[in-house]
Amino acid sequence: MIDRDELDAWLRLVEAPQVGRETARRLLAAFGSPQAARDASDAAWREAAGVQRSHSAPEGRPPPETLTESTWQWLQGATTAPRSVVTLGDAQYPSALLETADPPLLLYVVGDADLLNRPALAIVGSRNPTPQGVENARAFAAGLGDSGFVVVSGLALGIDGAAHEGALRSASGTIAVVGTGLDRVYPRRHLELARRIAERGAIVSKFALGTPAL
């Protein structure tokens with residue numbers, strides 16, 4: 001499990017203003033670790049990645065120390081489902097995601113992070129499906145789950161929710177990849193579904209806690 005100092009270093013790197021993932025990877029390559037990058041001088045940042053370092057939070061975001069504290073407390077506050085922060089290079093980081101052009105440096109997970117490296121298929125679709133579409137999504141997801149695949153979807157209304165429901169009928173579990181911080185559930189109508197996914201699968205986000213649906 002990530003410790004507090006490492007968490008602080010990662011968050012200060014990933015959430016730094018004017019630092020995208022490509023720049024963050026250059027800083028990691030230059031300094032060797034997020035802690036070394038955090039502790040490096042502003043001049044060293046300019047030399048390594050050509051960025052003017054800012055020590056304040058982006059507009060609308062909490063100060064770095066506040067984000068570290070809230071994220072740490074969130075990690076310690078797990079009840080029925082485990083919570084974790086999976087970093088680039090962690091053994092639990094999904095290997096398939098590493099093959100993409102721009103993998104996130106951090107993944108926030110509620111539930112079983114080991115599912116991230118199981119054979120998986122995604123089912124996504126309309127938020128306003130026909131009744132037949134809903135039944136098809138449930139049936140496909142249940143069948144794929146019974147065949148050993150983890151079904152991945154986005155927790156949205158319609159086909160996404162039906163896919164998660166079908167997958168929960170199987171033993172393989174399901175992963176919801178969401179576009180908010182994991183301290184909130186969107187849409188709110190899927191609060192109960194999200195609870196069940198967290199207990200029997202995993203909910204994953206690349207977004208820091210507090211990030212709303214945009």
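Refer to the structure presented above.
All of these numbers come straight from a predicted model, not from anything done at the bench.

(A) Fine view of the overall build of the protein chain. Helix and strand counts for the protein chain come out as 9 helices and 6 strands. Relative to the 2.2 N^0.38 estimate, which gives 17 Å for 214 residues, the radius of gyration of the protein chain is 19 Å and therefore close to what a compact globule would have. Considering only contacts within the protein chain whose residues lie at least 6 apart along the sequence, 69% involve residues at least 24 apart. Of the roughly 10800 Å² of accessible surface on the protein chain, 52% is carried by carbon and sulfur atoms. In the protein chain, the 21 positive side-chain charges and the 24 negative ones have mean positions that sit 6 Å from each other.

(B) The packing of helix α2 (residues 21-31) against helix α4 (residues 42-49), seen in detail. Orientation of α2 relative to α4, taken along the N-to-C sense of each, is 110°, at an axis distance of 9 Å. Taken together, the axes of α2 and α4 lie roughly perpendicular to each other. Taken together, the residues of α4 that come into contact with α2 (itself represented by T23, R26, L27, A30 and F31) are A44, W45, A48 and A49.

(C) Molecular detail of the sheet that holds strand β3 (residues 120-122). Pairing is mixed across the open sheet formed by 6 strands, whose spatial order is β1-β2-β6-β5-β4-β3. Since the sheet does not close on itself, it has two edges, and those belong to β1 (83-87) and β3, each with one partner. Pairwise comparison of adjacent strand axes, ignoring direction, gives a mean angle of 25° for this sheet. The pairing of strand β2 (residues 106-111) with strand β6 (residues 202-205) spans 4 bridges and is classified as antiparallel.

(D) Expanded view of the pairing of β1. Counting buried residues in β1 gives 4 out of 5 residues, a clear majority hidden from the surface. Relative to β2, β1 runs antiparallel, the two sharing 5 bridges. Within the sheet, the bridge partner assigned to V86 lies in β2 and is L107.

(E) Spotlight on α2. Every buried residue of α2 is listed here: T23, A24, L27 and L28. Projected down its long axis, α2 shows its buried positions confined to an angular sector of 140°, all on one face. The exposed set on the far side of α2, more than 90 degrees from its buried face, consists of E22 and A29. Buried residues along α2 sit in contact with α1 (4-14), α3 (34-39) and α4. G32 sits one or two positions beyond α2 and adopts a positive phi of about 95°.

(F) Molecular detail of the nonpolar core. W45, Y108, L155, L182 and I203 are the most contacted members of the largest nonpolar core, which totals 37 residues. Mapped onto this core, the elements with two or more residues apiece are α1, α2, α4, α5 (64-76), β2 and α9 (191-200). For L155, the contacting residues outside a window of four places in its chain are D160, H164, A176, V178, V185, Y186, P187, H190, L193, A194 and I197. Membership of the second largest hydrophobic core comes to 12 residues, among which are V86, L107, V109 and A202.

(G) Geometry of α9. Listed as buried for α9 are L193, A194, I197 and A198. Seen along its axis, α9 keeps its buried residues to an arc of 135°; they face one direction. The elements touched by buried residues of α9 are β2, α8 (159-168), β5 (174-177) and β6.

(H) Structural view of the pattern of salt bridges. Going through the model one piece at a time under the given rule, you end up with 14 salt bridges. The salt bridge partner of R25 is D102, with a shortest N-O separation of 2.7 Å. Of the two residues, R25 sits in helix α2 while D102 sits in the loop between α6 (95-98) and β2, which places them 77 residues apart along the sequence. A relative accessible area of 23% places R25 in the partly exposed class.

(I) Representation of the packing of aromatic side chains. Under the defined criterion, the tally for this structure stands at 0 aromatic pairs. Here the guanidinium or amino end of R53 rests over the ring plane of W45, the centre of that ring lying 4.1 Å away.

(J) Structural view of the environment of L182. Secondary-structure assignment places L182 in the loop between β5 and α9. The class for L182 is buried, based on a relative accessible area of 12%. Residues L182 and L209 lie 27 residues apart in sequence; the distance between their C-alpha atoms is 5.9 Å. Leaving out residues up to four positions away in the same chain, L182 has contacts with W74, Y108, V109, V110, I203, V204, S205 and L209.

Thresholds applied
- Residues numbered from 1 in each chain as written.
- Predicted model: local features only at pLDDT ≥ 70, side-chain atom pairs only at ≥ 80, totals over all residues.
- Heavy atoms only, no water.
- Helix = DSSP H or I, 4+ residues; strand = E, 2+ residues; numbered from the N terminus.
- Rg over C-alpha atoms; globule rule 2.2 N^0.38 Å.
- Contact = heavy atoms within 4.5 Å.
- Areas by Shrake-Rupley, 256 points an atom, 1.4 Å probe, with all protein chains shown as cover.
- Lys, Arg positive; Asp, Glu negative; His and termini not counted.
- Charge placed at Lys NZ, Arg CZ, Asp CG, Glu CD.
- Axes fitted to C-alpha atoms, helices over the stretch in contact; angles between N-to-C directions.
- Parallel < 35°, antiparallel > 145°, perpendicular 65-115°, else oblique.
- Pairing = 2+ DSSP bridges.
- Buried < 20%, exposed > 50% of the residue type's maximum accessible area, 1.4 Å probe, protein only.
- Arc of directions from axis to C-beta.
- Core = buried A, V, L, I, M, F, W, Y, C linked by side-chain atoms within 4.5 Å.
- Salt bridge = Lys/Arg side-chain N within 4 Å of Asp/Glu carboxyl O.
- Phe/Tyr/Trp six-rings, centres within 6.5 Å; stacked < 30°, edge-to-face > 60°.
- Lys NZ or Arg CZ within 6 Å of the ring centre and 35° of its normal.

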